[in-house]
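# Coordinate inspection notes
Given next are the chains, with one letter for each unit.
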Amino acid sequence: MAKKKECVAMLLAGGQGSRLRLLTEKTAKPAVTFGGKYKIIDFPLSNCINSGIDTVGVLTQYQPLMLNEYIGNGKPWDLDRSFGGIVVLPPYQGAHRADWYSGTANAIYQNLRFIKRYSPEYVLILSGDHIYKMDYRAMLSFHKKSGAGCTIAVIEVSPEETERFGIMSARKDGRIYKFEEKPKNSSSTTASMGVYIFSAGLLMKYLEDDEQNASSDNDFGKNIIPDMLKNGEKLFAYPFGGYWKDVGTVQSLWESNMDLLGERPKFDLNDRSWRIYSRNYADPPHYMGENAYVVNSLINEGCEIFGRVENSVLSSGVKVEKGGFVCDSVIMSDVTIGRNAAVNYSIIDFGTNVGEGAMIGRPKEISKGITLVGGELCIPPFAIIPDDVSAGEEYINETLLAKECGQ
């Protein structure tokens, strides 16, 4: 008998992530750093292996180099298997044509051959830009018991947030009778998490039909789910009560990092019952100088702290020099905060050097918004980057250096 898998996971990781602005100029959104030492993609991958799903296709497209390098052979997540494991699936040239993925449904359609080689009964569709811990086994059990063709994981959101999500209306038994894609107003506040389980044969049928429709957006939320509902297929909502965050915006990425802090964090990275696996390199222990002051912060390996850090998340290799101050901020790896420099309510990407006496952002209480600083930049000494701006290479050259020259 040919080998087969009960369930295969397909992880959509090809989005541009434009709402994260500078952070995704050179890398795919799932490869953005989170919590100081993780990548966003670590969370769905860890959920898979903790849930006993050992066959994962990762669909890449935009700026895939760093993500491909990070995933490697999947060993950090115990996904280096001889049959199954993790496979990166970029767009490719077929016998008749070559296409970029035109939508979430088209991305899966183009990789049906990968799915079929494992003859699964079920296909789990995941997004690569969410922070959460979820046992997919419980969702799969729910799917089987309900006899659903598709099960959609859902959470409750506020009425103001409905326009950001696909919104479900379901009966008491969970069966969905109405679906709205990002409505401005809705009577329901039950939102799709972008986590789907499909019965494999039904999924393939709808993907193939959708591909033949020239007017389709080839999208699960806009096309596949509404078509299944219209045709009377059994769609069920699976309620999820744990922590879940879509980190597709600068604000939500900052908020989710802040949720790691405190004696009782909203999201606990130290939960030994549900380990988050990652490709961590062995950095030396962090060092606290004689006059260093750190409160309510995550400080990762290789950091050197000689100044003050409050309510912040620092990735590996960050240096805060004497008199330097970091507050309410997320600092990516290998950033240097110079002597007497101040960073407030900001996100700074990897490898950037903040010069002596520079001021970035404003205190959260009076700031208009988060300041975002790109990676591998040199912020001149005593420069001022105001609140609620995105400062990349162009900003440094045309704004800060121009001011220095008196232009």
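Provided above is the structure to which this section pertains.
Residues numbered from 1 in each chain as written. Predicted model: local features only at pLDDT ≥ 70, side-chain atom pairs only at ≥ 80, totals over all residues. Heavy atoms only, no water.

Moving on, we come to helix α5 (residues 136–146). For α5, the complete set of buried residues consists of Y136, M139, L140, H143 and S146. Buried residues of α5, seen end-on, are gathered within an arc of 135° and therefore sit on one face of the element. Near the N-terminus of α5, the side chain that reaches the backbone nitrogen of R137, with its oxygen 2.9 Å away, is that of D135. Looking at the residues trailing α5, positive phi occurs at G147, about 70°. (Buried < 20%, exposed > 50% of the residue type's maximum accessible area, 1.4 Å probe, protein only. Helix = DSSP H or I, 4+ residues; strand = E, 2+ residues; numbered from the N terminus. Arc of directions from axis to C-beta. Polar contact = N/O pair within 3.5 Å; in protein donor to acceptor, adjacent residues only side chain to side chain.)

Below, the discussion takes up the sheet that holds strand β17 (residues 304–305). Spatially, six strands are ordered β14-β17-β20-β23-β26-β29 in an open sheet, and the strand pairing comes out parallel. Each having just a single partner strand, β14 (287–288) and β29 (378–379) make up the two edges of the open sheet. Here two bridges tie strand β26 (residues 353–354) to β29, and the two strands are oriented parallel to one another. For V354, the partnering residue across the bridge sits in β29 and is I379. (Pairing = 2+ DSSP bridges.)

Before going further, it helps to spend a moment on the packing of aromatic side chains. Per the counting criterion, the structure on display carries 16 aromatic pairs. Ring geometry for F43 versus F267: centroids 5.8 Å apart, planes at 50°, classification tilted. Within this pair, whereas F43 is found in helix α1 (residues 42–50), its partner F267 is found in the loop between α8 (250–258) and β14, the two being separated by 224 residues in sequence. The residues F43 and F267 share a single accessibility class, namely buried. Taken together through their ring pairs, the aromatic side chains of F34, Y38, F43, Y243 and F267 make up a single cluster. If you follow K39 out to its NZ or CZ, it ends over the ring of Y70, 6.0 Å from the centre. (Phe/Tyr/Trp six-rings, centres within 6.5 Å; stacked < 30°, edge-to-face > 60°. Lys NZ or Arg CZ within 6 Å of the ring centre and 35° of its normal.)

Ordered by their spatial adjacency, six strands build an open sheet running β15-β18-β21-β24-β27-β30, and the pairing between neighbours is parallel. Looking at strand neighbours, the two that pair on one side only are β15 (293–295) and β30 (384–385), the edges of this open sheet. As paired elements, strand β18 (residues 308–310) and strand β21 (residues 325–327) share three bridges and run parallel to each other. Bridge pairing links R308 to F325 in β21.

This part takes up the pattern of salt bridges. Tallied over the full model, the rule gives 17 salt bridges. Ionic pairing is found between R81 and D78, a salt bridge with its closest N-O pair at 3.1 Å. Overall, the relative accessible area of 42% leaves D78 in the partly exposed class. Between R308 and E310 there is a salt bridge whose closest N-O contact spans 2.6 Å. Residue classification places R308 among the partly exposed positions, given a relative accessible area of 38%. One network of salt bridges, with partners in common, ties together K5, D54, D78 and R81. (Salt bridge = Lys/Arg side-chain N within 4 Å of Asp/Glu carboxyl O.)

The subject of this paragraph is the side chain of S216. Relative to the assigned elements, S216 resides in the loop between α6 (200–211) and α7 (220–230). Relative accessible area serves as the criterion here: at 10%, S216 is assigned to the buried category. A polar contact is formed between the side chain of S216 and the side chain of D210, at a distance of 2.5 Å. From its side chain, S216 meets the backbone nitrogen of N218 in a polar contact 2.9 Å long. Sequence-distant contacts of S216, defined by excluding residues within four places in its chain, comprise D210 and N223. (Contact = heavy atoms within 4.5 Å.)

This brings us to the packing of α6 against α7. Where α6 contacts α7, the two axes come as close as 11 Å, and the packing angle between them is 120°. Between α6 and α7, the angle falls in the class oblique. Relative to α7, α6 is oriented so that their crossing is right-handed. Judged by residue contacts, L202, L203, Y206, L207 and D210 of α6 engage F220, N223, I224, D227 and M228 from α7. Grouping the constituent residues of the contact of α6 with α7 by class yields seven nonpolar, one polar and two charged. (Axes fitted to C-alpha atoms, helices over the stretch in contact; angles between N-to-C directions. Parallel < 35°, antiparallel > 145°, perpendicular 65-115°, else oblique. Left-handed = near helix turned anticlockwise from the far one by under 90°. Nonpolar A, V, L, I, M, F, W, Y, C, P; charged D, E, K, R; others polar.)

You will see that D78, though not glycine, has its phi angle at about 60°, which is positive. Summarising the element assignment, D78 is placed in the loop between α2 (65–71) and β5 (85–89). With phi around 60°, N340 is a residue other than glycine that occupies positive phi space. As for its position among the elements, N340 is in the loop between β23 (336–337) and β24 (342–344).

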